[in-house]
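# Observations on chain architecture
Below are the chains, spelled out letter by letter.
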Amino acid sequence: MKTLSLTLGGLLLASSALVAPAAMAQSAAIQAPAPDAEDPQVGSGNVLDEIIVLGRNIPEPNRESSEVAAFLTAEDLQRTGDGDAAGALARVTGLTVVNSRFVYVRGLGERYSSALLNGSPLPSPEPLQRVVPLDLFPSSLLSGITVQKSYSPNYPGEFGGGVLDLETIDAPADSFFSFSASIGGHTETTNKDGLVYYGSDSDWTGFDDGTRDVPGPLALAFASGRQIAPGAFTANELQTIGHSLVNAPLRLLQRQTIPADFGFGLAGGVASDSALGTLGLVVAAGYDNNWRTRIGVKEQGQFQGDELVPVTSYATESNQNDIQLNLLTSVTLDRPDHEIKWTNLWVRNTTKEARTEAGPDFDAGGSVIRNDYTEWFVRELFTTQLAGEHAFADGAVGVDWRVAWARTSRDAPYETRFQYGVNAAGDYIHNIQGNLISFSELDDEILSGGVDLSYVLPLSNAREAVFRVGAASLDNSREAQRRDLQFTAVNGLTDDQRESRVDFLFSDFNINPTTLEIREVAGTNGASAYDAKLRVNAAYAMVDAEVVPLVRTTVGVRFEDGEQSVTPRDLFGGAAPYTPTTLSEQYWLPSATVTWNFAEDMQLRLGASQTIGRPQFRELAPQAYTDPESNRTFIGNPYLVDTEILNVDARYEWYFAPRQYLTAGVFFKQLDRPVESVITSATTGDRQQSYLNAPEARILGAELEVKKYWDFPEAGLGFVADKRWLLQANYTWSDSEVQVGADDVVYDLSGGGAPSPAAFFIVDGSRLQGQSEHVANLQLGWEDDVARSQATLIVNYVSERITARGAGQAGLREPDYVQEPGVFLDLVYRRDFDVMGRELGLALEFRNLLGTDFDEHQELGNRIRINSYELGSTVSASLTARF
């Protein structure tokens, strides 16, 4: 058992006593109002019996929360017009979004943040992450998002950057129905020739018509427990398996003019009184179909002397068609002091991608190589939650409970790669050794539940102490499997065969015991399948009390008993080279926060806590996985351990007017054994990326945010005078440092569990991976209540961040991989109007107006473009009819 001592706890508790005299003196100095005839307590002059609350302009969420937090409301989501939760969260102070999916809070990777839906945890369909990607959640299904940056014991102990709690839309007070349609375009894609492959007739729906199902003979071979190869199967059986694979529709790259993006959405709700209470129902559904072409460069470098030079340089082109379907249903039974809510959410995101890369390749001796790919990825999420909130004894006693089951899956059938070389005439010809056909599946489930009990103890007419206790349980399981197949030329290929079209070469005519024969090239040594589990049982106790007038103190502790395991499986019954990894730990996680409402509409918050970060399943699994986004191979490290984190926060808040504020804060984090991603193989052109625990790291940062409205009622200003103008800006500066001593060691995968010098992988004093020094957001806009219109100009800037640690070669260490997100400029315009008595809403969105590109590189003497491509700009228009 581990007890994580809260080193600043005594300081925070002492600060309550230090500020108490000032708080009481300030209260005594407040002028009491005249006595009220109906309530003699009001205005009696006894300010110690009835404390005047300072903070008329403090929003309710900020007033109710004792922690450092940010709240995105439905109004915020509408103003920025972001289509999903990931895009919306990029506007929050200190938050950045990676790969348009994963949120980094204060520069800490997604592994250090928890994503909840209505308070319940969610599994992930991503092979590389245990945290659910937030692009799966359309903003139209959300009523708000809470981002809590300081820790409180009622949340899971896995906390480094913050907790993200997504709240779905609730039962309406009045019945409603709306229908929306959208159309859009992309500067690099729409109405231009792009790579495609046919696939199946129903691909546009996001569902395959059965073309990509594992064919019967292949399914029987997989189920046999034997590796597909001569000896295990007869020549005729191998021929039958090869013939069963779909050929031209899934292998032949073509070009076509890419159509525009489009989508549809509908939402409706109704509320009705019954003998049991008010029954509410909400249903929302959506369909989106988007296309994106990426044209860029991918390079890999090698040392020549003390400089890096590009030895592999591919020109790349890809086109992906993303189709998302979503459905939300919510049933609520509401009666005085009691509410029961049943929420179901289904999201399906399908990506159909065709891509090619060509250029000199180090592994081919510098000769030109071309790789063509066709891919189909289906990510699906379903979650159902039943939750209740109950109040007893006139609200003094509260009971909240929740039970949820969630399942995500990722299905990737027929991932294909076909490779070509160049003949003497300069024409591309087949390189049969480079062909690959893969089938992979991932299923992740979470069963969770929790109960929270609260008791309110009045301390005066205006002050109270709230005591809370609770328990929670989580059972997360994952199964992952990948099968790789390859056709082998039994007696080599003729020139005609090598120069033929891909679907001609792999036709049934050529698949026979003397020409092409299928083999299974993966599945041994536990490299292609693993099972993973995470079980966490937790309990907490906390008290939130205003013992001293105007000073609110929250103190609590959480106990977590967790066990995590990853078990590699050999698909053919052999012994895996890695024994199962099991991490079993118990933690006491204390926290304390003090909030001092020291002046009218001003607050000061101080907080400290101890939390943990567990390695993700994929980081522990010694299974190779090629990420199609970066084309890099990732492999886990079974020698990882938990990260232990000290968090300290302080924030000043001034709500100088309704919905207007200025906040400034500082934060500090100390991480013991943080997980870092490293390049572990660089002796060839291919890159293998793995993980290890760095010895220690720290982050020191500051945050500033302001929101201000202006009105210009003066005559003669015309356009300006009719509107309410908005300025909202935030900025985060953070400085991180990974600390590596001369005697520090790490346990990397290549070492087989033996220690290696940490300095070989990580430079002392370097920035923490994924952490940017500067993050800034700016919103300039106006609202016109008369014209019922709104416009917002949005600027987002993120400075460079490390994506992976550089590899070592022959005693030399490569520089780290660095990404420069840069500056993004968006414009959103909305206007409501009436047509034939029906309200319509028009929205225009312009994204990435500056044309900022994606840039990941290394630099040592030369700039190595690891992954660079043009992002392009987008424009879209949507029309919503409200009934």
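Residues numbered from 1 in each chain as written. Predicted model: local features only at pLDDT ≥ 70, side-chain atom pairs only at ≥ 80, totals over all residues. Heavy atoms only, no water.

## A closer look at the side chain of Asn848
As a reminder, the rule being used: Here a helix means four or more residues in a row that DSSP labels H or I, a strand means two or more in a row labelled E, and each is numbered from the N terminus. We define a polar contact as two N or O atoms separated by no more than 3.5 Å, with the added condition that, inside protein, one atom must be a possible hydrogen donor and the other a possible acceptor, whereas residues neighbouring each other in sequence contribute only through side-chain atom pairs. Any pair of residues with heavy atoms lying within 4.5 Å of one another is described as a contacting pair.
Mapped onto the elements of the fold, Asn848 is located in the loop between strand E43 (838-847) and strand E44 (854-860). A distance of 3.0 Å separates a polar atom in the side chain of Asn848 from the backbone nitrogen of Thr852. Residue contacts for Asn848: discarding those within four places in its chain leaves Phe824, Leu825, Asp826, Leu871, Gly872 and Ser873.

## What about helix H5 (residues 216-223)?
Short version of the rule: For the exposure calls, accessible area comes from a 1.4 Å probe over protein chains only, and a residue counts as buried if that area is under 20% of its type's maximum, exposed if over 50%, partly exposed in between. By definition, the arc is the one covered by directions from the helix axis to the C-beta atoms.
If you check which residues of H5 are buried, you get Leu218, Ala221 and Phe222. Each buried residue of H5 lies within a common arc of 100 degrees when the element is viewed along its axis, so the set occupies one face. In this structure, H5 carries Leu220 and Ala223 as exposed residues pointing more than 90 degrees from its buried face. At its buried positions, H5 is contacted by helix H6 (235-244), strand E19 (436-458), strand E20 (464-489) and strand E21 (516-520). Just downstream of H5 lies Gly225, where phi reads positive at about 80 degrees.

## Quick look at the packing of aromatic side chains
Applied cut-off: Aromatic contacts are taken between Phe, Tyr and Trp rings whose centres are within 6.5 Å, Trp giving its six-membered ring; a plane angle under 30 degrees counts as stacked, one over 60 as edge-to-face, and the others as tilted. By definition here, charges over rings are those cases where NZ of Lys or CZ of Arg is within 6 Å of the ring centre and within 35 degrees of the ring normal.
Scanning the model with the defined rule gives 18 aromatic pairs in all. Relative to Tyr829, the ring of Trp782 has its centre 6.2 Å away and its plane inclined at 65 degrees; by these criteria the two rings are edge-to-face. Here the residue Trp782 occupies a position in strand E36 (residues 774-784), and Tyr829 occupies one in strand E42 (residues 822-835), the gap between them amounting to 47 residues. The class for Trp782 is buried, based on a relative accessible area of 13%. The rings of Phe179, Phe262, Phe264 and Tyr287 are connected pair by pair, giving a single aromatic cluster. Sitting over the face of the ring of Tyr428, Arg370 holds its NZ or CZ atom 4.8 Å from the ring centroid. Taking NZ or CZ as reference, Arg501 lies 4.6 Å from the ring centre of Phe504, over its face.

## Observations concerning the confidence of the model for the protein chain
Do not read the fine detail of predicted coordinates wherever pLDDT is low. Basically, it comes down to this: As a per-residue measure, pLDDT tells how confident the predictor is, with possible values from 0 to 100.
Across the protein chain, pLDDT averages 86, with 89% of residues at or above 70. Considering only residues more than four positions removed or in separate chains, one finds that residues 3-51, a stretch of pLDDT under 50, has 74 contacts.

## Notes on the sheet that holds strand E8 (residues 162-168)
Cut-off, in case you're wondering: Here, strands pair whenever DSSP counts at least two bridges between them.
Spatially, E2-E7-E8-E5-E6 is the arrangement adopted by the five strands of the open sheet, whose pairing is mixed. A single partner strand is all that each edge strand has here, and the edge strands are strand E2 (69-73) and strand E6 (120-121). Bridge analysis of strand E5 (residues 113-117) against E6 gives two bridges, and the strand direction is antiparallel. What sits directly across from Leu117, in E6, is Ser120.

## So, a nonpolar patch on the surface
Rules: Surface patches are defined over residues having more than 30% relative accessible area and no salt bridge, joining like charges when they lie within 9 Å and nonpolar side chains (Val, Leu, Ile, Met, Phe, Trp, Tyr) when within 5 Å. Surface accessibility follows the Shrake-Rupley procedure with a 1.4 Å probe radius. Residue values consider only the protein chains on display as shielding. The rule for a salt bridge is simple: a side-chain nitrogen of Lys or Arg has to be within 4 Å of a carboxyl oxygen of Asp or Glu.
The grouping of Phe177, Phe179, Ile183, Phe262, Phe264, Leu266 and Phe883 at the surface amounts to a nonpolar patch, some 640 Å² of accessible area in total. What makes Phe264 partly exposed here is its relative accessible area of 43%.

## Regarding the pairing of E5
Burial within E5 is extensive, with five of its five residues counted as buried. Residues Ser113, Ala115 and Leu117 point to one face of E5 and Ser114 and Leu116 to the other, with burial holding for every one of them. Alignment of E5 against E8, held across five bridges, turns out to be parallel. Its bridge partner lying in E8, Leu117 is registered against Leu166. Linking E5 back to E6 in an antiparallel pair, the connection comprises two residues, with Asn118 at a positive phi of about 55 degrees.

## Thoughts on the side chain of Ser440
Residue placement: Ser440 occurs in strand E19. Each residue touching Ser440, except ones within four places of it in the same chain, is listed here: Arg410, Asp411, Ala412, Glu415, Gln481 and Arg482.

## A few points about H6
Of all the residues in H6, the buried ones are Leu238, Ile241, Gly242 and Ser244. In a view along the axis of H6, the buried residues occupy a sector of 160 degrees, so they form one face of it.

## Some points on the packing of H5 against H6
In plain terms, the rule: Fitted lines through C-alpha atoms give the axes, limited to the stretch in contact for helices. The angle between two N-to-C directions lies from 0 to 180 degrees. Here the word oblique covers every angle except those under 35 degrees (roughly parallel), over 145 (roughly antiparallel) and from 65 to 115 (roughly perpendicular). Each residue is assigned to one of three groups, with Ala, Val, Leu, Ile, Met, Phe, Trp, Tyr, Cys and Pro labelled nonpolar, Asp, Glu, Lys and Arg labelled charged, and all others, Gly among them, labelled polar.
Packing of H5 against H6 leaves a shortest axis separation of 7 Å and a crossing angle of 125 degrees. Judged by the inter-axis angle, H5 sits oblique to H6. The residues of H6 that touch H5, namely those facing Pro217, Leu218 and Ala221, are Thr240, Ile241 and Ser244. The residue makeup of the contact of H5 with H6, split by class, is four nonpolar, two polar and no charged.

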